[in-house]
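Each chain, letter by letter, is given below.
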Amino acid sequence: MLIIQLKMKTTLPIFNQTESVVHQRYSDFEWLHKELEHADTKIVVPPLPNKAWQRQLPFRKDNGLFQDDFIEERRRGLEIFINKIAVHPLAQNECALHVFFIRN
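So, here's what we can say about the structure. (Residues numbered from 1 in each chain as written. Predicted model: local features only at pLDDT ≥ 70, side-chain atom pairs only at ≥ 80, totals over all residues. Heavy atoms only, no water.)

## What about the packing of helix 1 (residues 26-37) against helix 2 (residues 68-87)?
At step 1: One can describe the packing of helix 1 onto helix 2 by two numbers: an axis separation of 12 Å at closest approach and a directional angle of 30 degrees. Here helix 1 lies roughly parallel to helix 2, going by the angle between them. Once helix 1 is placed against helix 2, the crossing between them reads as left-handed. Contact with helix 1, carried on its side by Y26, F29, L32, H33 and L36, involves R74, L78, F81, I82 and I85 of helix 2 and no other residues of that element.
At step 2: In terms of residue class, the contact of helix 1 with helix 2 is built from 8 nonpolar, 1 polar and 1 charged. (Axes fitted to C-alpha atoms, helices over the stretch in contact; angles between N-to-C directions. Helix = DSSP H or I, 4+ residues; strand = E, 2+ residues; numbered from the N terminus. Parallel < 35°, antiparallel > 145°, perpendicular 65-115°, else oblique. Left-handed = near helix turned anticlockwise from the far one by under 90°. Contact = heavy atoms within 4.5 Å. Nonpolar A, V, L, I, M, F, W, Y, C, P; charged D, E, K, R; others polar.)

## Concerning empty space enclosed by the protein
At step 1: Here the structure, examined in full by the defined rule, presents 1 cavity of 30 Å³ or more.
At step 2: Here the largest cavity is characterised by a volume of approximately 30 Å³.
At step 3: Class assignment for the residues of the lining of the largest cavity results in 4 nonpolar, no polar and 2 charged. (1 Å grid on protein atoms, 1.4 Å probe; cavity = no way out; pocket = protein on both sides within 12 Å on 5 of 7 lines; lining within 4 Å. Points joined across faces, edges and corners; volume = space filled by probe spheres on them.)

## Let's talk about the nonpolar core
At step 1: Counting 21 residues, the largest nonpolar core has F29, L32, F81 and I82 as the members making the most contacts within it.
At step 2: Listed by contribution, the elements that provide at least two residues to this core are strand 1 (3-9), helix 1, helix 2 and helix 3 (95-100).
At step 3: In contact with F29, other than residues within four places in its own chain, are I4, L6, Q24, L48, L78, F81, I82 and F100. (Core = buried A, V, L, I, M, F, W, Y, C linked by side-chain atoms within 4.5 Å. Buried < 20%, exposed > 50% of the residue type's maximum accessible area, 1.4 Å probe, protein only.)

## What to know about the packing of aromatic side chains
At step 1: In this structure the tally under the stated criterion is 3 aromatic pairs.
At step 2: Of the aromatic side chains, those joined through ring pairs into one cluster are F29, F81, F100 and F101.
At step 3: Above the face of the Y26 ring, R74 is positioned so that its terminal group lies 4.0 Å from the ring centre. (Phe/Tyr/Trp six-rings, centres within 6.5 Å; stacked < 30°, edge-to-face > 60°. Lys NZ or Arg CZ within 6 Å of the ring centre and 35° of its normal.)

## Quick notes on the pairing of strand 1
At step 1: Across the two faces of strand 1 the burial differs, with I4, L6 and M8 buried and I3, Q5, K7 and K9 not buried at all.
At step 2: Across 7 bridges, the pairing between strand 1 and strand 2 (residues 19-25) is antiparallel. Each residue of the ladder has a partner; that of L6, found in strand 2, is V22. (Pairing = 2+ DSSP bridges.)

As C-alpha cells, then:
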C-alpha cells in the first residue's frame, strides 16, 4: 500500500487550519475526485494519474507498484492534481476538499 504525505499551508481564511499534514492513499484521491466531479459547482476536475493495473500482475520481473520510478511518477501526478484543486476558487469552498486535508 502506497501512502502519500501531504503538507498544506495556506493563508486563505476559508480553511480552519493554516497548516496540516495528512497521509492519503490513492483511493482517497479517487474519493476527492469523485466528490468534486459531483459537486453542484462547475469545477473542471483535473485527471488523476492512471491506475496501475499492469503493475499489479503476478510474475513481473520488476517491483511493480513498489518500483522507485513508478512511485515518483505517481507522487508527481497526485501533486499536480492536488495543487490544481487547492488553488481553484470554487473547489476551495467544497467540503470534500476540507475533509481531505484533515482526515487520516
